[in-house]
Each structure stands twice: as structure tokens, then as C-alpha cells.
Amino acid sequence: MVRPRWLSTQRVTASRLWLHWDRAVALWAALNLLWVLFDISYVPLRTFWLQRNLTPLPQMPLVVPLPLLPDITPLYDPVKGIEPHRETQLYLASFQQLDRALLAGEPAAVTAPLRRRQVELTVEMLNENPFAASGNSGTLEKLKNRLRQQAGLDSAKQSADRLLSEGWLARHGWQQERRFWRQQVLPLVSTSYWRAIDENGRPTDHFWRTDLLLFQSVFALDILLRMVRLRRRFPGLSWRDALLRRWIDLPLLLPFWCWLRVVPVVERLSQARLINIEPLRAAVSRAVVSLLALELFEVLALQLVDGTQSLIRSPQWPRWIRSLRSHQSVSVSEEQQLLELVKLWGPLLLGEVTPRLAPELQSLLGHALQQSLRDVPGGAVLPPLLSRQVAGGMVDSLIDLARGTAQRLAQSDERQVELLQRFGDRFWEELAAGLEQGGTLQRSQQLLVTLLQQLKLNYLAQMNRAGIDALMEELDELTTPAEALSPAPPATPPA
């Protein structure tokens, strides 16, 4: 694609201090954009940050742990107003108590109440669905499926009662069942949370406080400095116009739709010469132009042809032609310019160009004389030498006449100027009068409009997407540097 004019022009070189400042602010804005993207994705990906593992196949209990990632949920949960869910916390604490009792080998009289309590909490959790508060109702279904698969029953509640029964634990052992509960059940239960609601009925979010303190204050200062620099370069520019010229920076100050900051961030990184977005801009521009070019061409072609047809249909042609006369011209200077142009080009064409064409005119006129005499009935064949002599004499006479006319045009002669004006006025008057007689104007208008109508139909019928693609390829060939198109020279083999 063609490089836009605003990118082709040389920018005013800023001082080194301003360049360092622009680069620092651009990097700070890029860091802010990364934080914005992290903040937007934190709540949907909180389970990943909590457990720090990947599940490539959600249908299978295949887990890829990522122990190198830190647990950031205790730090960032308060920013999003996230608090532990009381029901699931009670469930986890009860399980830890049961786990310690079974690992210590406590008698059945001690562990039986703990097992019944855990079954009751499981049934209550399945009924209340604490995961709905965090928008993770699918986690409850996943928990039910795992309980059913482990117990081999169709009911999740009955499965929980069986898995914690004394007979099941006696046959399978707590060590094996403990692994199932800690790896398959408890991680799902721990993902439940409760999020506070603010006075407007929306989830609590304290992101704006840190954003305003660390980032938006810097962006506001930078925008103010850019406005000052603009007013120094253009003293007549008002503060409002200077702010409007920096409209692309306004998303940096918006407390909502923070993802829009990608536009000013990319623009700042490009202006600071930290990244080059020209290839991406060219690709996007090419795609947009390819999509809209066909419709734009059709509209422009129709508008041009329709406007020409409306102009041709106008009954004002005789008046327009008569208005070209010297005494009815809108501006006298325009008429004088036309006469000066005739006086400039007349001597040039008649005195210099025409004499240099003498050999070609002699050959053309001699050939025409031979053809004319040959077509006359009973006419004799004119010898070539004689025809050239006759043609040479006629051409010499014409050239002498042209030179004389050129000399007279080059001279300052008021009578000559008056005659030229009279000739022009009479020509336009006779042309307008001829158009008004015998229906010549109406017939000419009809023929021209019909011709344009056929041109419009044929042109629009030939326009298609393939033609637009061919134009885009031709444009790329014209705008691509020659060294990029030429093949690389073969490498010289080593001696």
C-alpha cells in the first residue's frame, strides 16, 4: 500500500530531552496496558492463578502443574473485592479435621460424626451451589460428575454418602480415597468465592484507585506538556484546538473501556520510534480498501456520470456559449490571459514547429497528390519526382505564410488584438445560434446522454472483485521498491 502523506513527511526533530521523555511515557503506557489486560482477565482466569496449573483436556482429569508461578490471589483479590466464601471455607475446614482424625487412626466412635458432618456439608453444597455467586456454575456439575464416577452411582449425593461410609473406607483405605478428595474435589471447592457489591449494584473494583495514582496522573501531565509544545510550534493555536489535536490520548484518561488504551499506546510507541507499525498499517489499510473499493468506485462512477448527464441535459447551453464572448465575460483578465496565450503559442507553433515538419509535410502531400490523380477517371499517373516538387512548392508557400503569420502575431498590434476578439465573439455567437436551430441542441444532448448511459452500464458491468484485486496488485508493484522486486544476486562461491 502507498505510505500516507502524514507518515512520508519529515517530522520536526525533537530535543533529546523530549525524546527521552516520550519514550519513558510510551513504555509506562505499555506497562499500563499490560496491567489493564491482566485486570480484565483476572476474574475469568482466577482459577488458573489460584491453582497454577493447566488442564489441556477439560473432560479428563489431566493436570499440568506450574509451580514456578507465584500465588498472586492473596494480593489481587482485595483489588477486585473478592473474599473467601463462608460455606466452602467451612467445608474445607471440616475436611481437614476429618483428614487428621483418619490419618491418626482414631476409632470409629470419633470419626463417624466427622464423616456424617462431611456428608451433610457435601449435600448442602450440592443444594445451595455456592459457585453461582462467582459465575462458575459449571464447577458444580464437574464436581457432581467426579463424585458419580468415583462411587459408580447416578446420584451425586448418594455417591458422597458411599465414599465416606465406613464400609467403603474399610475396603479401599483412606490413603487411596484421600488422594481422590484432595486432587479431584477440594481444588474445585476452593475456587468458589464471594465478591462484594458497591452502592451502584456492581461488583467491587478498586482498580481505578491505583490506575489514577500511578498512571493517569502521568498521562494527564504528558498530555498537558504535549499541548504546550503544540502551542509553542503554532502560537495561534488555542488550548481547545491543541487538546482536540491530541484526541487519540483521551482513552488514557477514561476510567472505563480501558481496553481502548491500545490505540494511544501503539501510537506513542510508534512516535517514540520504539516499534514500527507501518507493515501492520499497510496490511490493515489494504484489507479495508479491498473491502470498500468496489462500492466506492461504483458510487463515484455513478455520481460522475449522472452529474455529467445532468449538465448535458441543461437547456442553458446557448447562454453559456454566448457568455464566452469578450464583452460578456465574467472577468476581463481571463480574456486577456487567453489572448496572451494565443500570442505566445501562435508564433511557437507557426514559426518554429511547423518549419521543422517540412520534410514530413512534403512526403505526406506528395503521396496525397498521387492518390488523388490516380482516383480521377482517365487521370495520368504523376511521376514521384514531379509530385515531390509540387508538394515541396506548396509546403514552402505554407511555411512562408506560417512564418509571416507568426511574426505578425509576435508583434504588438492593437488592430490584431481587436480582430482576434471579433473573431472569437463571432465564433461563439454563430455556434450558439446554430445550436438553437433545427433541434440540434436537443438531438446532441440526447445522443450524448445515451452514450454516457451505455458507458455507465458497461463500466459497472465490468467492475468486480477480481478487477479490484488486480488493481491492488498493480498498486503494490508500483509502490514496491525496485530492489525488493529484483532477485538477489547469486552468492559468489568461495575461492
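Residues numbered from 1 in each chain as written. Predicted model: local features only at pLDDT ≥ 70, side-chain atom pairs only at ≥ 80, totals over all residues. Heavy atoms only, no water.

Draft legend 1. Just the overall build of the protein chain, in detail. When its secondary structure is counted, the protein chain shows 22 helices and four strands. Within the protein chain, the proportion of its 495 residues that are buried is 30%. Restricting to contacts in the protein chain with at least 6 residues of sequence separation, those with at least 24 account for 67%. Summed over all atoms, the accessible surface of the protein chain reaches about 32600 Å², with 62% contributed by carbon and sulfur. (Helix = DSSP H or I, 4+ residues; strand = E, 2+ residues; numbered from the N terminus. Buried < 20%, exposed > 50% of the residue type's maximum accessible area, 1.4 Å probe, protein only. Contact = heavy atoms within 4.5 Å. Areas by Shrake-Rupley, 256 points an atom, 1.4 Å probe, with all protein chains shown as cover.)

Draft legend 2. Geometry of a negative patch on the surface. Together, Glu87, Glu120, Glu124 and Glu128 give the surface a local cluster of negative charge. On the secondary structure map, Glu124 appears in helix H6 (residues 108-128). (Patch = residues over 30% accessible without salt bridge, like charges linked within 9 Å, V, L, I, M, F, W, Y side chains within 5 Å. Salt bridge = Lys/Arg side-chain N within 4 Å of Asp/Glu carboxyl O. Lys, Arg positive; Asp, Glu negative; His and termini not counted. Charge placed at Lys NZ, Arg CZ, Asp CG, Glu CD.)

Draft legend 3. Just unusual backbone geometry, in detail. Its identity is not glycine, yet Asn129 carries a phi of approximately 55°, on the positive side. Among the structural elements, Asn129 can be located in the loop between H6 and helix H7 (137-151). Backbone geometry places Arg273, a non-glycine residue, at a positive phi of 60°. A relative accessible area of 57% means that Arg273 is categorised as exposed.

Draft legend 4. Just the pattern of salt bridges, in detail. Scanning the model with the defined rule gives 16 salt bridges in all. Between Asp99 and Arg178 there is a salt bridge, with its nearest N and O atoms 2.7 Å apart. Taken as a pair, Asp99 in helix H5 (residues 86-103) and Arg178 in helix H10 (residues 174-190) lie far apart in primary sequence, 79 residues in all. Residue Arg178 is classed as partly exposed on the basis of its relative accessible area, which comes to 22%. Across the salt bridge formed by Arg182 and Asp99, the nearest N and O atoms sit 3.9 Å from each other. Placement of Arg182 in helix H10 and of Asp99 in helix H5 is noted, with a sequence separation of 83 residues between them. By relative accessible area, which is 36% here, Arg182 ends up partly exposed. By relative accessible area, Asp99 is classed as buried at 4%.

Draft legend 5. Expanded view of the side chain of Asn32. Relative to the assigned elements, Asn32 resides in helix H2 (residues 16-42). On the accessibility criterion, Asn32 (0% relative accessible area) is buried. Apart from the residues lying within four places of it in its own chain, the contact partners of Asn32 are Asp211, Phe215, Phe219 and Arg261.

Draft legend 6. Structural context of a nonpolar patch on the surface. On the surface, Trp28, Leu31, Leu34, Leu37, Ile40, Leu213, Leu214, Phe256, Trp257 and Trp259 cluster together to form a nonpolar patch covering roughly 1100 Å² of accessible area. For the nonpolar patch, the secondary-structure elements that each account for two or more residues are H2 and helix H11 (207-233). Counting residues per element, the nonpolar patch draws most heavily on H2, which supplies five residues. Structurally, Leu213 is set in helix H11.

Draft legend 7. Expanded view of the packing of H7 against helix H8 (residues 156-163). In the contact formed by H7 and H8, the axes pass within 8 Å of each other and the chain directions differ by 55°. One finds that H7 runs oblique with respect to H8. Both H7 and H8 take part in a crossing whose hand is left-handed. Contact residues: H7 offers Lys144, Leu147, Arg148, Gln150 and Ala151, while H8 offers Ala156, Ser159, Arg162 and Leu163. Here the contact of H7 with H8 is built from residues that sort into four nonpolar, two polar and three charged. (Axes fitted to C-alpha atoms, helices over the stretch in contact; angles between N-to-C directions. Parallel < 35°, antiparallel > 145°, perpendicular 65-115°, else oblique. Left-handed = near helix turned anticlockwise from the far one by under 90°. Nonpolar A, V, L, I, M, F, W, Y, C, P; charged D, E, K, R; others polar.)

Draft legend 8. Representation of H5 in the model. If you check H5, its first and last C-alpha atoms are 26 Å apart, about what 18 residues at 1.5 Å a residue would give, namely 26 Å. Against H6, helix H9 (166-172) and H10 lie the buried residues of H5. At the C-terminal side of H5, Gly105 shows a positive phi close to 75°. (Expected span 1.5 Å × (residues − 1).)

Draft legend 9. Highlighting the nonpolar core. One finds Tyr91, Leu143, Leu147, Leu163, Trp181, Val185 and Val189 to be the most contacted residues of the largest nonpolar core, which totals 28 residues. Secondary structure elements with two or more residues in this core: H5, H6, H7, H8, H9 and H10. Among the elements that make up this core, the one with the highest residue count is H10 (seven residues). The residues contacting Val189, other than those within four sequence positions of it, are Thr88, Tyr91, Leu92, Met125, Phe131 and Leu143. (Core = buried A, V, L, I, M, F, W, Y, C linked by side-chain atoms within 4.5 Å.)

Draft legend 10. Geometry of the packing of aromatic side chains. A full pass over the atoms with the stated rule returns twelve aromatic pairs. The interplanar angle of 85° and the centroid separation of 5.3 Å between the aromatic rings of Phe256 and Trp257 together place this pair among those described as edge-to-face. For Phe256, a relative accessible area of 45% translates into the label partly exposed. Judged by relative accessible area, which is 54%, Trp257 ranks as exposed. Three or more aromatic residues joined by ring pairs make a cluster, and in this case those are Phe38, Tyr42, Phe48, Trp49 and Tyr76. When the ring centre of Trp18 is taken as reference, the NZ or CZ atom of Arg229 above it lies at 4.4 Å. Here the basic side chain of Arg245 rests over the ring of Phe234, its NZ or CZ set 5.1 Å away from the ring centre. (Phe/Tyr/Trp six-rings, centres within 6.5 Å; stacked < 30°, edge-to-face > 60°. Lys NZ or Arg CZ within 6 Å of the ring centre and 35° of its normal.)

Draft legend 11. Structural view of H8. Turning to H8, its buried residues number three or more, namely Ala156, Ser159, Ala160 and Leu163. Viewed end-on, H8 has its buried residues packed into an arc of 100°, placing them on one side of the element. Looking at the buried residues of H8, the elements they touch are H6, H7, H9 and H10. Structurally, the start of H8 carries an N-cap: the backbone nitrogen of Lys157 is 3.5 Å from a side-chain oxygen of Ser155. (Arc of directions from axis to C-beta. Polar contact = N/O pair within 3.5 Å; in protein donor to acceptor, adjacent residues only side chain to side chain.)

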